[in-house]
Amino acid sequence: GLSARSRRRIMEASRNRIWFAMVDDYTAVPAYLQGRLELDLGGYSIGYRGMCRFRSGPMFTQPVMAQFDYAWTLDTDGYFPASITQDPFERMHSGGYVYGFSHVSRDQASAVQHFWEFCRLYMESKGIDPKATKMMRRLTDALVLRDTYWHEWNRVLFM
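Just so we're clear, the structure is a prediction, and the values are computed from it rather than from any experiment.

### Quick notes on the overall build of the chain
Next up, step 1: Looking only at helices and strands, the chain has 6 helices and 2 strands in total.
Next up, step 2: The order of α-helices and β-strands along the chain, N terminus first, is α-α-α-β-α-α-α-β.
Next up, step 3: Among the 159 residues that make up the chain, the fraction classed as buried is 15%.
Next up, step 4: Considering only intrachain contacts with a sequence separation of at least 6, the fraction spanning at least 24 residues in the chain is 47%.
Next up, step 5: If you sum the accessible surface of the chain, you get close to 13000 Å²; carbon and sulfur atoms cover 55% of it.

Quick look at the structure:
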């Protein structure tokens, strides 16, 4: 976890209330991944993979999260491509949105293998129409030319 000095610097830099929590099994590799070749691919550390796993679902089951309507995670390499001119939380609330991002970029192919396939499986399991919004129609219509664009969708990164 963060050192006491680092936590103090973060708290002093913000006018907002800040919480820190230790996630006990953050770097634990799930049993179903133990000994799998994929653990060695891509050069990603156990800590990075733990962060991705935590943000993909377990984060939302933390007791403290029940007190919030929105959560905002930031990476050390994240950025906003322009000045923020309006409150992103207010915009999400007034628009009835459940997910926001600052921009669309590309990621390393090794980091997002099979991403689209798993998105489609998730949407199907939840009864989500993959063409329900203008943005999703734009993305999924591009995939009609699957042989050309399939690998490109897998590299789209919502930051």
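Right, picking up where we left off after that structure.
### Points about the packing of aromatic side chains
Next up, step 1: For the coordinates displayed, the defined rule picks out 3 aromatic pairs.
Next up, step 2: Ring geometry for W19 versus F68: centroids 5.2 Å apart, planes at 80°, classification edge-to-face. Taken together, the positions of W19 in the loop between α1 (4–13) and α2 (46–55) and F68 in the loop between α2 and α3 (88–95) put the pair 49 residues apart, joining distant regions of the chain.
Next up, step 3: The class for F68 is partly exposed, based on a relative accessible area of 33%.

### Brief notes about the environment of R120
Next up, step 1: Mapped onto the elements of the fold, R120 is located in helix α4 (residues 115–125).
Next up, step 2: For the pair R120 and P130, spaced 10 residues apart in the sequence, the C-alpha separation amounts to 7.5 Å.

### Side note on the nonpolar core
Generally speaking, soluble globular proteins have nonpolar side chains that are buried together.
Next up, step 1: Ranked by size, the top nonpolar core spans 5 residues in total: W116, C119, M123, M136 and L139.
Next up, step 2: It is α4 that contributes the most residues to this core, 3 residues altogether.

### Quick look at α4
Next up, step 1: W116, C119 and M123 are the residues of α4 that are buried. Buried positions in α4, seen along its axis, are confined to an arc of 55° and lie on one side of it. Within α4, the exposed residues directed more than 90 degrees away from the buried face are F118, L121, E124 and S125.
Next up, step 2: G127 occupies a position one or two residues after α4 and carries a positive phi of about 70°.

### So, the confidence of the model for the chain
Next up, step 1: Of the residues in the chain, 84% reach a pLDDT of 70 or more, and the chain-wide mean stands at 77.
Next up, step 2: In this model residues 145–151 is a low-confidence stretch, pLDDT under 50, and it forms 7 contacts with partners more than four residues away in sequence or in other chains.

### Describing a nonpolar patch on the surface
Next up, step 1: A cluster of nonpolar side chains, namely W72, L74, F80, I84 and F89, defines an oily patch on the protein surface of about 500 Å² accessible area.
Next up, step 2: Checked against the element boundaries, I84 lands in the loop between α2 and α3.
Next up, step 3: A relative accessible area of 47% means that I84 is categorised as partly exposed.

Cut-offs and rules
- Residues numbered from 1 in each chain as written.
- Predicted model: local features only at pLDDT ≥ 70, side-chain atom pairs only at ≥ 80, totals over all residues.
- Heavy atoms only, no water.
- Helix = DSSP H or I, 4+ residues; strand = E, 2+ residues; numbered from the N terminus.
- Buried < 20%, exposed > 50% of the residue type's maximum accessible area, 1.4 Å probe, protein only.
- Contact = heavy atoms within 4.5 Å.
- Areas by Shrake-Rupley, 256 points an atom, 1.4 Å probe, with all protein chains shown as cover.
- Phe/Tyr/Trp six-rings, centres within 6.5 Å; stacked < 30°, edge-to-face > 60°.
- Core = buried A, V, L, I, M, F, W, Y, C linked by side-chain atoms within 4.5 Å.
- Arc of directions from axis to C-beta.
- pLDDT = per-residue confidence, 0-100.
- Patch = residues over 30% accessible without salt bridge, like charges linked within 9 Å, V, L, I, M, F, W, Y side chains within 5 Å.
- Salt bridge = Lys/Arg side-chain N within 4 Å of Asp/Glu carboxyl O.

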